[in-house]
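Survey of secondary and tertiary structure
The lines below spell out each chain.
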Amino acid sequence: MTLFYSHAPGRTHAMASPVRPLKRALFSRVPATRIEVDLDAIAANTRVLKQACAPQTSLMAVVKANAYGHGAVHVAQTVLSHGAAWLGVARMAEAVQLRDAGIDVSILVFGNTLPDRAVAAAEHGIRITLTGPETARTIHAAARAAGTVVTAHIKIDTGMGRLGLCPGLDMDRTLADIRSIMQLDHLKIEGIYTHFANADAADKTHARQQLALFSELLDHLDADHLLPRIIHAANSAATLTLPESHLTLVRPGISLYGLCPGPGVDSPQLTPALSLISEITQVKQVPKGFPVSYGSTHVTGRPTVIATVPVGYADGYSRNLSNTAHMLVKGQRARVTGRVCMDFTMIDVSHIPEVGPGDEVVVMGTQGDDTVSADELASLSSTIHYEVTAGLTSRLPVCYRKKEPAP
Ligand SMILES: *Cc1c(COP(=O)(O)O)cnc(C)c1O
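These numbers were taken from a predicted model, which means no experiment stands behind them.

Things to note about the site of the ligand
Lining the immediate surroundings of the ligand are 13 residues, of which Lys64, Tyr68, Ser236, Ile254 and Tyr386 lie closest. For the ligand, an oxygen atom lies 3.4 Å from a polar atom in the side chain of arginine 162. Within the side chain of tyrosine 386, a nitrogen or oxygen atom sits 2.6 Å from an oxygen atom of the ligand.

This is how it looks when you write it as structure tokens:
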């Protein structure tokens, strides 16, 4: 097993920086508070998703938002060597970070792209999303002025209510818009796609309605010989539960990270990849009546051992976890006492023998026989696991674990 450590991946290094020796001294040791990502878990999850599809279906790994907090570059390298062929991101800057790291596969940007950026990105094989004929025309004009061709995928809104042309409101208009986009000779329409709003629900009615509308549109395009080469719809939930939605390419995100997309998906083969680790800074034996943290919302009801952990809401550990969540110390649960601060959180370790400074704390993840899952933290803070991992902030360094490559 190797543990390697990558602070702020993708950031460019100023070679002549006077703080280089300081950085080397600081970062040669694995930092106390950190994200740990198990790249073998990500590799295994990628294989599970690839195997859920027909062999000819391509896998686009969604690595937006710094790979949901897991670190986009190392995740991308891992998924690409275990079955993914494409990468999907939300914003152009995310695509550029991947290219900058030497990753040369096709990348699709899901969000909107300004014309000059679309033209600049086209030279680097970055595909953009077109959401309507107006943006297509402005991007086409910029591409023609620059003497290049921009490769794009057209987005169809079949019921997500977010981005794209709406065949459910007006099929003929949508078809006319697609035809007009396809006539623009400085745009190459390589793909067409839609996105599900409810594929993670147990009831697949809405997902099936979206797919039926998308299929109707595709049939019309096919009849006119206008079907783009790459057709896609499936997020993680649809990849795992709705095989008829796989089409030519699937776009899983959350499941690559080992998290189950939602209540309507059974995914026992997935392994969570991310842990949030810290270590105890200070331990105090305090009497009954001792107030803890801002607002003194917790006052000890008996003699208590309080441990201070250097993780807080500036790391993405939600303040809504105040007085409710647990962390793991020596394999046992220790409850958060008082409010979560920006940089510190206090836990009650009275029931755990011999806790001292430097002891490992698992804030999220497994220690011994117990686990604090992203789901557990999500439900305590009234959100979803997507937000728990994607909400971890860039202050946290990411350490990667993977088995030694075979000699
Ligand atoms: C985020 C996203 C995905 C991945 O969704 P998961 O639920 O994480 O699998 C796929 N497609 C688009 C357009 C997305 O924005």
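Let's talk about the domain arrangement of the chain
Split by domain assignment, the chain resolves into domain 1 (39–257) and domain 2 (274–372). With centres defined by C-alpha atoms, the gap from domain 1 to domain 2 works out at 42 Å.

Section: the pattern of salt bridges
Applying the stated criterion across every chain yields a total of 14 salt bridges. Lysine 330 is the salt-bridge partner of aspartate 359, the closest N and O atoms lying 3.6 Å from each other. Pair noted here: aspartate 359 is in the loop between strand E18 (345–348) and strand E19 (360–367) and lysine 330 is in the loop between strand E16 (326–329) and strand E17 (332–337), with a separation of 29 residues, a long-range link. A salt bridge links arginine 333 to aspartate 370; the nearest nitrogen and oxygen atoms lie 3.0 Å apart. Highlighted residues: arginine 333 in strand E17 and aspartate 370 in strand E20 (residues 370–372), separated in sequence by 37 residues. Counted as one network, the salt bridges with shared partners bring together Arg34, Glu36 and Arg401.

A short note on the packing of helix H6 (residues 115–122) against helix H7 (residues 133–146)
Relative to each other, H6 and H7 sit at 50°, their axes nearing to 8 Å. As judged from the angle between their axes, H6 and H7 are oblique. Considering only the axes of H6 and H7, their crossing is right-handed. On H7, the residues that touch Pro115, Ala118 and Val119 of H6 are Thr138, Ile139, Ala142, Ala143 and Ala146. When grouped by side-chain class, the residues that make up the contact of H6 with H7 number 7 nonpolar, 1 polar and no charged.

Regarding helix H9 (residues 205–223)
For H9, with 19 residues, the first-to-last C-alpha span of 27 Å sits near the 27 Å given by 1.5 Å per residue. Listing the buried residues of H9 in full gives Ala207, Gln210, Leu211, Leu213, Phe214, Leu217, Leu218 and Leu221. The buried residues of H9 occupy an angular sector of 160° when the element is viewed end-on, so they sit on one face. Counted as exposed and oriented over 90 degrees from the buried face of H9: Asp219 and Ala223. Among the structural elements, strand E7 (150–156), helix H8 (171–182), strand E8 (187–194) and strand E9 (230–232) are those in contact with the buried residues of H9.

About the cut-offs
Residues numbered from 1 in each chain as written. Predicted model: local features only at pLDDT ≥ 70, side-chain atom pairs only at ≥ 80, totals over all residues. Heavy atoms only, no water. Near = heavy atom within 4 Å. Polar contact = N/O pair within 3.5 Å; in protein donor to acceptor, adjacent residues only side chain to side chain. Domains from an automatic or database assignment. Salt bridge = Lys/Arg side-chain N within 4 Å of Asp/Glu carboxyl O. Helix = DSSP H or I, 4+ residues; strand = E, 2+ residues; numbered from the N terminus. Axes fitted to C-alpha atoms, helices over the stretch in contact; angles between N-to-C directions. Parallel < 35°, antiparallel > 145°, perpendicular 65-115°, else oblique. Left-handed = near helix turned anticlockwise from the far one by under 90°. Contact = heavy atoms within 4.5 Å. Nonpolar A, V, L, I, M, F, W, Y, C, P; charged D, E, K, R; others polar. Expected span 1.5 Å × (residues − 1). Buried < 20%, exposed > 50% of the residue type's maximum accessible area, 1.4 Å probe, protein only. Arc of directions from axis to C-beta.

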